[in-house]
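Coordinate inspection notes
Chain residues, written in single-letter form:
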Amino acid sequence: MTYDLYIGDRTFSSWSLRGWLMFVNFDIPVNTTLVGLYSGTMAQDLAPLAPARLVPVMRTPDGVVVGDSLAMGETLAERHPEADLWPTDPAARAMARWMTSEMHSGFNALRGDCPMQLLGVVQDFTPSDAVLADVARIEDLWARARAEHGTDGPWLFGTYSLADVFYAPIAARLAGFGLDVNDTTQAYIDTQLNDPAFRRWRALGLTITYDPVPYIEGRPLGPWPGPTPRAAHPAQGPSVNHTCPYSGDPVTDYLAMDGKIWGFCNPTCRDKTVNDPEAWPAFMKMVTASTN
Ligand SMILES: N[C@@H](CCC(=O)N[C@@H](CS)C(=O)NCC(=O)O)C(=O)O
C-alpha cells in the first residue's frame, strides 16, 4: 500500500515540501523520487505521469496519478479517513479548508518576493507593502486558528492537520527572509522549523549544493533560524558500527560526532546526518544504544 511521490529540489521546492509532509506526518507509506526541476529533465521525468506538468505529483498504490498539492491532500484525506488529515471538529475543519485554500490560491506578493529557500536568512530584504499585507493576513489567520481551535497542541488546529502542511513553506519563507512577526506567529514558525519531518527534509536537501543558487544567488545569508544541529563532520573510518543505520548495508562513508566515528553506506546518508544528526531517529537510536 505504498504511494509514489515525485518532488523537486528539497531546498527550494515549496509545493514539493507540502506533497511530502502530507504523507510523512500522517504515517502514510511513500516512496519519493526527485525529478529534475532545475536540471532540465522535468518534462521527461514526468512524462510517464501524464498529464502531470508540475511537482509534486503522486501515484496511488492502485495506479491513479494525482497532481496538484490540494488535490493530493483531498485524495489522501478521502482514502485515509483514520489518519485525520483534516481536523475532526466540523467548524475547525471548515476553517482549516478555508485557510488551506486561501494559501493555495493567494499570498502572491510573499510567494513572489520571498521564495522558499532553506539555506539561511536573506540579509538584504526590505518587504514591499504588498508583502507586509500578506504577512498581516497570515498572522491574523494563524492567530484566529490558534485561539479558536488550537488548545490541544502547538499546531494551527491543535493537532497536526493539512493546514499545517500547507503553511509549513510559508513559515519557512517568513523565517528565510527574516520578516518581522509577532510572538504568536514566531511561536508557530518555531513549531514548524522544529518539526522532525521538516528537519529531515532540510538536512537531506542540504546535501545538494547549487551554483548558481536558485532565486537568491549572490545575496548575503545569515544562519538558518531553526534548531542548532548537534555538531558533526565528515571523517575517516573505521567506525563504531559496521552496518548503516538506514539500510543495514556495510559502511563506506563516515562522520565524527562527540569524539566517535559512525559509518553509513553512501555519502548522501552520511551528509544528511552531518547536517542534522538528531533529525534521524535510526541514527540516534544507534548512538544511544552504543552509549548505554
Ligand atoms: N498548484 C500546484 C503548484 C505546483 C508548482 O508550481 N510546483 C513548482 C515547484 S515548487 C513547479 O513544478 N515548477 C516547475 C515549473 O513551473 O515549470 C500545486 O499545488 O502542487
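Structural notes, computed from the coordinates. What you see is a predicted model, and the numbers here were worked out from it, not measured in a lab. (Residues numbered from 1 in each chain as written. Predicted model: local features only at pLDDT ≥ 70, side-chain atom pairs only at ≥ 80, totals over all residues. Heavy atoms only, no water.)

1. Notes on the site of the ligand
Inclusion rule: A cutoff of 4 Å decides nearness: a residue is near a molecule or strand if any of its heavy atoms lies inside that distance of it. We define a polar contact as two N or O atoms separated by no more than 3.5 Å, with the added condition that, inside protein, one atom must be a possible hydrogen donor and the other a possible acceptor, whereas residues neighbouring each other in sequence contribute only through side-chain atom pairs. In short, Shrake-Rupley with a 1.4 Å probe defines the accessible areas, and a residue's cover is counted only from the protein chains shown. We place a 1 Å grid over just the protein atoms. Points where a 1.4 Å probe fits but has no way out form a cavity, open points with protein on both sides within 12 Å along at least 5 of 7 lines form a pocket, and any residue with an atom within 4 Å of a point lines it. If over half the atoms of a molecule are within 2 Å of the grid points of a cavity or pocket, the molecule is regarded as sitting in it. Under the scheme applied, nonpolar residues are Ala, Val, Leu, Ile, Met, Phe, Trp, Tyr, Cys and Pro; charged residues are Asp, Glu, Lys and Arg; polar residues are all the others, including Gly.
Every residue near the ligand is listed here: Ser-13, Ser-14, Trp-15, Leu-37, Met-42, Leu-54, Val-55, Pro-56, Asp-68, Ser-69 and His-104. His-104 has a polar side-chain atom sitting 2.9 Å from an oxygen atom of the ligand. Surface burial for the ligand is 68%, taken as the share of its 510 Å² of free accessible area covered by protein chains. Judged by its atoms lying within 2 Å of the grid points, the ligand is housed in the largest pocket. Looking at the shell around the ligand residue by residue, the class counts come to 6 nonpolar, 4 polar and 1 charged.

2. Focus on empty space enclosed by the protein
For clarity, the threshold we go by: Grid points are joined across faces, edges and corners, and a volume is the space filled by probe spheres set on the points.
One pass over the full model with this rule turns up 1 cavity of 30 Å³ or more. Roughly 70 Å³ of internal volume is contained in the largest cavity. Of the residues that constitute the lining of the largest cavity, the class distribution is 5 nonpolar, 2 polar and 3 charged.

3. Details of the environment of Leu-174
To keep things clear, this is the line we draw: Per the convention used, a helix needs a DSSP run of H or I reaching at least four residues, while a strand needs a run of E reaching at least two, with both numbered from the N terminus. Residue contacts are counted whenever heavy atoms from the two residues lie within 4.5 Å of one another.
Within the secondary structure, Leu-174 sits in helix α7 (residues 162-176). Placed 164 residues apart in sequence, Leu-174 and Arg-10 show a C-alpha to C-alpha distance of 17 Å. If sequence neighbours within four positions are ignored, Leu-174 has contacts with Leu-110, Val-135, Trp-142, Leu-179, Val-181, Thr-185 and Ile-189.

4. Concerning the layout of surface pockets
Heads up, the condition is: Start and end positions for the domains come from either an automated domain assignment or a database one.
Computed from the structure, the largest pocket encloses a volume of approximately 560 Å³. Residue assignment for the lining of the largest pocket shows that the elements contributing at least two residues are α1 (14-24) and β4 (65-67). Here the residues of the lining of the largest pocket sort into 15 nonpolar, 5 polar and 4 charged. Per-domain counts for the lining of the largest pocket show at least three residues from each of domain 1 (3-83) and domain 2 (90-200).

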